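# A closer look at the structure
So you can see what is in the structure, the chains are spelled out below.
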Amino acid sequence: MNKIELMAPAGSFESLQAALDNGCDSIYFGVEQLNMRARASVNFTLDDLEEISKRCTAKNVRSYLTLNTIVYDHDLSIVKTLIKRAKEASITAVICMDQAVIAMARAEGMEVHISTQINITNIETVKFYAMFADTIVLSRELSLRQVKSITDQIEKEEIKGPSGRLVEIEIFGHGALCMAVSGKCYMSLHSANSSANRGACKQNCRKKYTVIDQETGFEMELDNEYIMSPKDLCTIDFLDDIAEAGIKVLKIEGRGRAPEYVARVIKCYREAIDSLEAGTFDKEKVISWMQELEKVYNRGFWSGYYLGQKLGEWSKGSGSHATQKKVYLGKGMHYFPKANVGEFKIEAYDITVGDTILITGPTTGAKEMEVKELYVNQTSSQKASKGDSCTLKLDFRIRPSDKLYKIVENTVEA
């Protein structure tokens, strides 16, 4: 069975740490404004590159800098600086679309990955970009049959990248899809002068629309469907088919999502990939993983274009269909390492024994657990309320920047 690299999104240090803690093989991230999630995620700065590399190296995880937006002349000096600093920080590779960025990265001696923005759909285009890149992300619109045809030909013709290894094919495996062809969309630019291709999408397609006949003025609401907002991609139920198609890298979308989303999705796909390798992948496990994935942000799930299914898998609403949500409780205050106890200041709702809580932070990542014991003013208690300082037994360190949440069931429309 083909071994699949699990690639995780990192839109913040919280998400980065959540990805590392839950078993990713690689992460991808953006710096400043020159990436496709410039508006949607916190984004890192040039000075964060060393810390990102340090954390990834400690876990033997590859790190990929995304530089896959449209690039103008006035951006070129910034791009050059970014690539130079990424090289100095030992970032593994640069994900590119623009030929100038590809050339700059190659000149700096950095590994190049070709972004889905280029929209590669055939073996001859793969051969062309193999002159510059070791990993190529195919167009999102291809079926698995088409993908397998390309991977078969890579092996048959021994198509190699600059490293001398066979070119690796990457696909999107889970997360948000949009109506654009491989991510290229101009709706936001036309409506708000805010270019999606520069990382500033206004998400017009996630809204509900009414169609108006210009001749008669007749209005029609489209059966309560968000006709430009597809459900989220999910491939965990046919991961065995993906492996057999020769795919080397499975990319999880979500640099704009919360750290608990990254933690849960990476955990599920890690278990699924490991299960494939162990020969224990089965329907019962898939059902369990799907239930876990439904707990975090999603617009409902479908298999994209991979299985050749008919189109029309539209979202029924503008927001999430997650079966759970988080409620802010308070913040971290202190950690007592000898006792393995964390102290929190409760600033909002009550916390009680038996609650499922989530603790997030730039170094902590996203840790979820059940409250077994609770102390208020050093006295055992069943509940802590707003204004209280409480302590909990923890098997990990917390920090003053950490946030405490309660996980509760979320009522969503089917």
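Summary of the structure given here. It should be emphasised that the depicted structure is a prediction, and the values quoted were computed from it without experimental measurement.

## What about the nonpolar core?
In this structure, I27, F29 and Y269 are the most contacted members of the largest nonpolar core, which totals 92 residues. When residues of this core are assigned to their parent elements, the largest contribution, 10 residues, is made by helix α9 (residues 259-278). Among all residues touching Y269, those that are not within four sequence positions of it are L6, G173, H174, C234, T235, I236, L239, L250, I252 and L293. One finds L374, V376, L394 and L404 within the second-largest nonpolar core, a separate group that totals 18 residues.

## Notes on the sheet that holds strand β20 (residues 375-376)
Pairing is antiparallel across the open sheet formed by 8 strands, whose spatial order is β19-β18-β24-β15-β16-β23-β20-β21. Both edges of this open sheet fall to β19 (365-370) and β21 (379-380), since each of them pairs with a single strand only. Both strand β15 (residues 324-336) and strand β24 (residues 403-409) contribute to a ladder of 7 bridges, which runs antiparallel. Residue pairing for β24: K326 is matched across the bridge by I407. Packed on one face of the sheet, α9 meets β15, β18 (356-361) and β19 and runs near 75 degrees to β19.

## Here's the deal with unusual backbone geometry
Positive phi, close to 60 degrees, is recorded for N60, a residue that is not glycine. Following the sequence through the fold, N60 ends up in the loop between α2 (49-58) and β3 (62-67). In the Ramachandran plot, E158 falls in the positive-phi region, its phi being about 50 degrees despite a non-glycine side chain. Positionally, E158 belongs in the loop between α6 (144-157) and β7 (168-175).

Conventions used here
Residues numbered from 1 in each chain as written. Predicted model: local features only at pLDDT ≥ 70, side-chain atom pairs only at ≥ 80, totals over all residues. Heavy atoms only, no water. Core = buried A, V, L, I, M, F, W, Y, C linked by side-chain atoms within 4.5 Å. Buried < 20%, exposed > 50% of the residue type's maximum accessible area, 1.4 Å probe, protein only. Helix = DSSP H or I, 4+ residues; strand = E, 2+ residues; numbered from the N terminus. Contact = heavy atoms within 4.5 Å. Pairing = 2+ DSSP bridges. Axes fitted to C-alpha atoms, helices over the stretch in contact; angles between N-to-C directions.

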